[in-house]
Amino acid sequence: GAVVSQHPSWVICKSGTSVKIECRSLDFQATTMFWYRQFPKQSLMLMATSNEGSKATYEQGVEKDKFLINHASLTLSTLTVTSAHPEDSSFYICSARNPTSANTGELFFGEGSRLTVL
Amino acid sequence: DQQVKQNSPSLSVQEGRISILNCDYTNSMFDYFLWYKKYPAEGPTFLISISSIKDKNEDGRFTVFLNKSAKHLSLHIVPSQPGDSAVYFCAASASYGGATNKLIFGTGTLLAVQP
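Residues numbered from 1 in each chain as written. Chains lettered and ligands numbered in written order. Predicted model: local features only at pLDDT ≥ 70, side-chain atom pairs only at ≥ 80, totals over all residues. Heavy atoms only, no water.

Some words on the overall build of chain B
Next up, step 1: The helix and strand tally for chain B stands at 0 helices and 11 strands.
Next up, step 2: Taken along its principal axes, the extent of the C-alpha atoms in chain B is 45 × 30 × 25 Å.
Next up, step 3: Of all 115 residues assigned to chain B, the portion counted as buried reaches 43%.
Next up, step 4: Element-wise, carbon and sulfur atoms account for 51% of the exposed surface of chain B, whose accessible area totals about 5,400 Å². (Helix = DSSP H or I, 4+ residues; strand = E, 2+ residues; numbered from the N terminus. Buried < 20%, exposed > 50% of the residue type's maximum accessible area, 1.4 Å probe, protein only. Areas by Shrake-Rupley, 256 points an atom, 1.4 Å probe, with all protein chains shown as cover.)

Observations regarding the environment of Ser-54 of chain A
All names here are of chain A.
Next up, step 1: You can see Ser-54 is positioned in the loop between β5 (44-51) and β6 (57-58).
Next up, step 2: Judged by relative accessible area, Ser-54 falls into the partly exposed class, the value being 47%.
Next up, step 3: Measuring from C-alpha to C-alpha, the distance between Ser-54 and Val-4 comes to 21 Å, with 50 residues separating the pair along the chain.

Comments concerning the sheet that holds strand β1 (residues 4-5) of chain B
Residues and elements named next belong to chain B.
Next up, step 1: Read from one edge to the other, the open sheet built from 5 strands follows the order β1-β3-β8-β7-β6, with strand pairing classed as antiparallel. Edge positions in the sheet fall to β1 and β6 (56-59), since each of these pairs with one other strand and no more.
Next up, step 2: Inspection of the sheet shows strand β3 (residues 19-25) paired to strand β8 (residues 72-77) by 6 bridges, in the antiparallel sense. Note that in β8 the partner of Ile-20 across the bridge is His-76. (Pairing = 2+ DSSP bridges.)

Remarks on the pattern of salt bridges
Pairs can form between side chains of opposite charge whenever their charged atoms are close.
Next up, step 1: Overall, the coordinates contain 4 salt bridges over all chains when judged by the stated rule.
Next up, step 2: With a closest N to O distance of 3.0 Å, Glu-59 of chain A and Lys-102 of chain B form a salt bridge. Taken together, the positions of Glu-59 of chain A in the loop between β6 and β7 (67-73) and Lys-102 of chain B in the loop between β9 (86-93) and β10 (104-105) put the pair across two chains. (Salt bridge = Lys/Arg side-chain N within 4 Å of Asp/Glu carboxyl O.)

What about the sheet that holds strand β1 (residues 4-7) of chain A?
Residues and elements named next belong to chain A.
Next up, step 1: Strand order in this open sheet of 4 strands is β1-β3-β8-β7, and the pairing throughout is antiparallel. At either end of the open sheet lies a strand with only one pairing partner, and these are β1 and β7. Each strand axis lies, on average, 20° off the axis of its neighbour in the sheet, ignoring direction.
Next up, step 2: Direction of pairing for β7 relative to strand β8 (residues 76-81): antiparallel, over a ladder of 5 bridges. Each bridged residue has a counterpart across the sheet, and for Phe-67 the counterpart in β8 is Val-81. (Axes fitted to C-alpha atoms, helices over the stretch in contact; angles between N-to-C directions.)

Examining the interface of chain B and chain A
For interface size, the figure often reported is the accessible area lost on association.
Next up, step 1: The interface of chain B with chain A comprises 19 residues on the first partner and 21 residues on the second.
Next up, step 2: Summing both partners gives a buried area of about 1,700 Å² for chain B against chain A, and 58% of it is carried by carbon and sulfur.
Next up, step 3: If you look at where chain B meets chain A, you find 1 salt bridge.
Next up, step 4: Applying the counting rule to chain B against chain A returns 7 residue pairs in polar contact (both at pLDDT 80 or more).
Next up, step 5: No other element matches strand β4 (residues 32-38) of chain B, which puts 4 residues into the side of chain B that touches chain A.
Next up, step 6: Of the residues belonging to the side of chain B that touches chain A, the class tally is 10 nonpolar, 6 polar and 3 charged. (Contact = heavy atoms within 4.5 Å. Buried area = accessible area lost by both parts, 1.4 Å probe. Polar contact = N/O pair within 3.5 Å; in protein donor to acceptor, adjacent residues only side chain to side chain. Nonpolar A, V, L, I, M, F, W, Y, C, P; charged D, E, K, R; others polar.)

See the structure below:
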C-alpha cells in the first residue's frame with residue numbers, strides 16, 4: 001500500500017527559532033499533499049494544501065508567513081514553522097492521496113511530528 | 001464552523017459487544033465519507049469509506065451506514081475487541097477536484113473496549 005513518511009517525528013526547539021518538517025510519499029508521486037494540525041484531544045484541522053510546483057493554498061486563519069510550505073518535487077513537501085512560539089506546539093501531520101485511488105478520496109497519513117516550543 | 005461533528009467524545013464498550021460511533025455533517029456537497037482510526041502520537045489509518053450513492057458498506061467487522069437525508073453516518077464494529085481501542089475520526093470530502101479534494105475531519109470519538 002501507499003506510504004507517507006514524516007521527519008522528524010518529534011522536535012523540541014527554543015522560542016523564536018524555525019523548524020522544518022518533511023513529508024515524503026515513498027511509493028507514489030503526489031502532486032498534492034495536505035498539512036494538518038492536531039491539538040490535544042481535538043480534531044485534525046486542515047492547515048493548507050501543498051501543490052507541487054506552485055503556491056500552497058492556506059485555510060482561513062492560517063498564517064502564510066508563519067507556516068511556510070514548499071512542494072518542490074512530486075514526493076516531497078516541507079512545512080517550516082518560522083519564529084516558533086509556545087502556542088505553535090502541536091502535532092503536525094501530513095497526508096497525500098495516491099493518484100490511483102484519487103477517486104476514492106482516501107488519504108494516506110504520515111506518522112506525524114510532535115513540535116514542542118519552549 | 002464545524003462541518004463534520006462527532007457529538008460523543010468517548011464511548012466505552014465491553015469486548016464482544018457492538019460499538020456504534022456516530023457522525024453528523026452539515027455540508028450537502030459532501031459525497032464521500034471515510035472513517036479513520038488514530039493512536040496517540042501516530043498518524044490516522046484508514047478504516048472504511050462510503051460513497052453517497054450507497055447507504056451501507058461492510059468490511060469484515062466494520063460497517064458504515066450513511067443516511068443522506070439526515071446527514072448522518074455511523075460506524076459499527078462487531079464484535080468489538082480491546083485492540084479497537086483508539087480515537088476514531090470520521091471525515092468527509094466533496095468531489096469537486098479529484099486528487100486535490102481535501103478531507104474535513106470530525107472531532108473524534110475515543111473508543112475504549114473493556115476486556
